[in-house]
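Per-entry structural report
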Amino acid sequence: MKTFLFAVLALTACTCTVSAPAITVTTPANGAQVTSPFRLVASTTTCGSAPAVSMGYSIDNGQATIEPTSFTASVSASLGAHVLHVKCWGKKVNDEVLLNITVVPSTNIVVAAPANGAQLTSPFQLAASVTTCASLPAVSMGYSLDEGQAIIEPTSFSAKVAASIGSHVLHVKCWGQKVNAETLLNITVIQPPPAATPAFSLASGTYTSKETVAIASATAGSTIYYTLDGSAPTTASLRYSGPIAVGASVTIEAMAAAPGYADSGLARADYVIKLPTGPNIPSNAVSVTQVQAMPGWRIKHDPATGGTSEGAMSLVGDPTLSGETAEFNTSFTDWGGELYSVTYATDPNPQNFVYDAEVWIQEGSQLGNLEMDNNQVIANGDTIIYAFQCAGDTNTWDYSENSGTPTAPVVQWVKSGAPCNPESWTQNDWHHVQISYSRDDSGNVTYHSVWLDGVETPIEKTVNSDFALNWAPGVLIANFQVDGVGASGSSDLYLDNLTIYRW
């Protein structure tokens, strides 16, 4: 009876032969019990004493699946005993290793995600559950990547799994009373695409008011991080939650982060905020605008200057801010000055004025002093002279005073100490000049401040400037005087948006 049994076993068992070629099968082991699919790991360098070209495997007498000379594969097989053929091929040679395996009932491990063969980004979502493990009640589950340490989970779980870029075998495992099993999935972790680079609602640039900047990324679900000091943001930087108020010059850099995406590229916006500054003009002030375009301008040489001068005036459209720019062409000898003036209103009562103008100095102009005056005949018939200039001969802002009496005036220029030289102004560009002054009933004039391109220079000097000139009652006259520099030469200046406020 024993002889017959041994004979039967000899007929049914497989004799496993490991041939001389160094085919190495890491898993499964010969005689192993496995569940389907199972993992096959094998490699070789030689085949039949010749260099190996490729490898492969088959179940029983099935068609061989070709693999490289070192490979990992997920192999499916039906329940029962099988012969696993692990093969190699070289030049005119081939060989194989045979292993007996038995496919046992698999567990009911259910992997909801990811799918076998999936391409995904890291971290990815793993969702799995099980009730039986190798036909016994499951106690716990777990997972590992490749040959890594298993992470233990309950029998139904969802986990975030991080993995490096490339191909991996994901082991989803279960344990029961003295049993364990696993399901193998081949996955490929790919480089995630970057989130969309954030965009700003306001373009970089210079602004003359406080602004509000919104930031958005086209990637759904993204979170935007930003900095306000020009440094590169990270996920530890300020988190964007709504429009940003920009009240001063600032550099904003932003990036977006989103699940399943690499961090976006950096976005940068540079904002220069130049809030307009100038005199405080009350709402009840009367203004006369575009004075430079009014008819009736008078042109004459100022006899208080040396030498001679000649001038011409016309309205032009280039350069221009308003479309009606006054051009002043002046030629001179020996520092001569040309006075351009116009009567713009009649009003003896106001005591406060602002002279507001835009001035362009043409390149090549020979300019000594630039004088911007306002004259007013007050109720008692005297004339108040509000004379103010950027003086190239003193390099300061100067104002005039009458150190004598109204009937016996002694006119002189007083240096304010505040620096100014028209030759230092950028040529072929507009410059904004605003002059604020006031008077009392005795003809004392206080020069408060001058603004050049929005920068205030306080003056706060009071002098008497009362003259008995017998001019027409209440007349208001604006002056624009251009003085030369040196023995002879010429200048070409433009005046626009000349506005005089009074109250």
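One can find the structure itself at the top, above this paragraph.
**Some details on the packing of aromatic side chains**
- Counted under the stated rule, the structure contains 15 aromatic pairs.
- Geometrically, the ring pair formed by Trp360 and Trp430 is edge-to-face, given 5.5 Å between the ring centres and 70° between the ring planes. Separated by 70 residues along the polypeptide, Trp360 in strand β33 (residues 352-361) and Trp430 in strand β39 (residues 430-439) bring together distant segments of the chain.
- Owing to a relative accessible area of 14%, Trp360 belongs among the buried residues under this scheme.
- Put simply, the rings of Phe353, Tyr386, Phe388, Trp397, Tyr399, Tyr437 and Tyr447 pair up and form one aromatic cluster.

**Side note on the sheet that holds strand β3 (residues 38-43)**
- Strands sit in the order β1-β3-β7 across an open sheet of three strands; the sheet is antiparallel. Single-partner strands in this sheet number two, and they are β1 (24-27) and β7 (70-75). Adjacent strand axes in the sheet meet at a mean angle of 25°, parallel and antiparallel pairs treated alike.
- Relative to β7, β3 is paired through six bridges, and the arrangement is antiparallel. Residue pairing in the sheet places Ala42 in a bridge with Phe71 of β7.

**Considerations on the state of the cysteines**
- This structure, assessed with the given rule, holds three disulfides.
- Shown here is the disulfide that connects Cys47 with Cys88, its sulfur atoms set 2.1 Å apart. Every disulfide takes its handedness from the sign of the S-S torsion; for Cys47 and Cys88 that torsion is 80°, giving right-handed. Placement of the pair is Cys47 in strand β4 (residues 46-47) and Cys88 in strand β8 (residues 80-90), with a sequence separation of 41 residues.
- You can call Cys47 buried: its relative accessible area is 0%.

**Overview of the side chain of Lys87**
- Tracing the backbone shows Lys87 in strand β8.
- In this structure, Lys87 is buried with no salt-bridge partner, the nearest side chain bearing the opposite charge being Glu96 at 4.3 Å.
- A polar contact of 3.3 Å, which involves the side chain of Lys87, links it to the side chain of Ser58.
- Residue contacts for Lys87: discarding those within four places in its chain leaves Ile23, Ser54, Met55, Gly56, Ser58, Ala64, Asp95 and Glu96.

Here is what the cut-offs are and how they apply
Residues numbered from 1 in each chain as written. Predicted model: local features only at pLDDT ≥ 70, side-chain atom pairs only at ≥ 80, totals over all residues. Heavy atoms only, no water. Phe/Tyr/Trp six-rings, centres within 6.5 Å; stacked < 30°, edge-to-face > 60°. Helix = DSSP H or I, 4+ residues; strand = E, 2+ residues; numbered from the N terminus. Buried < 20%, exposed > 50% of the residue type's maximum accessible area, 1.4 Å probe, protein only. Pairing = 2+ DSSP bridges. Axes fitted to C-alpha atoms, helices over the stretch in contact; angles between N-to-C directions. Disulfide = S-S within 2.5 Å. Lys, Arg positive; Asp, Glu negative; His and termini not counted. Salt bridge = Lys/Arg side-chain N within 4 Å of Asp/Glu carboxyl O. Polar contact = N/O pair within 3.5 Å; in protein donor to acceptor, adjacent residues only side chain to side chain. Contact = heavy atoms within 4.5 Å.

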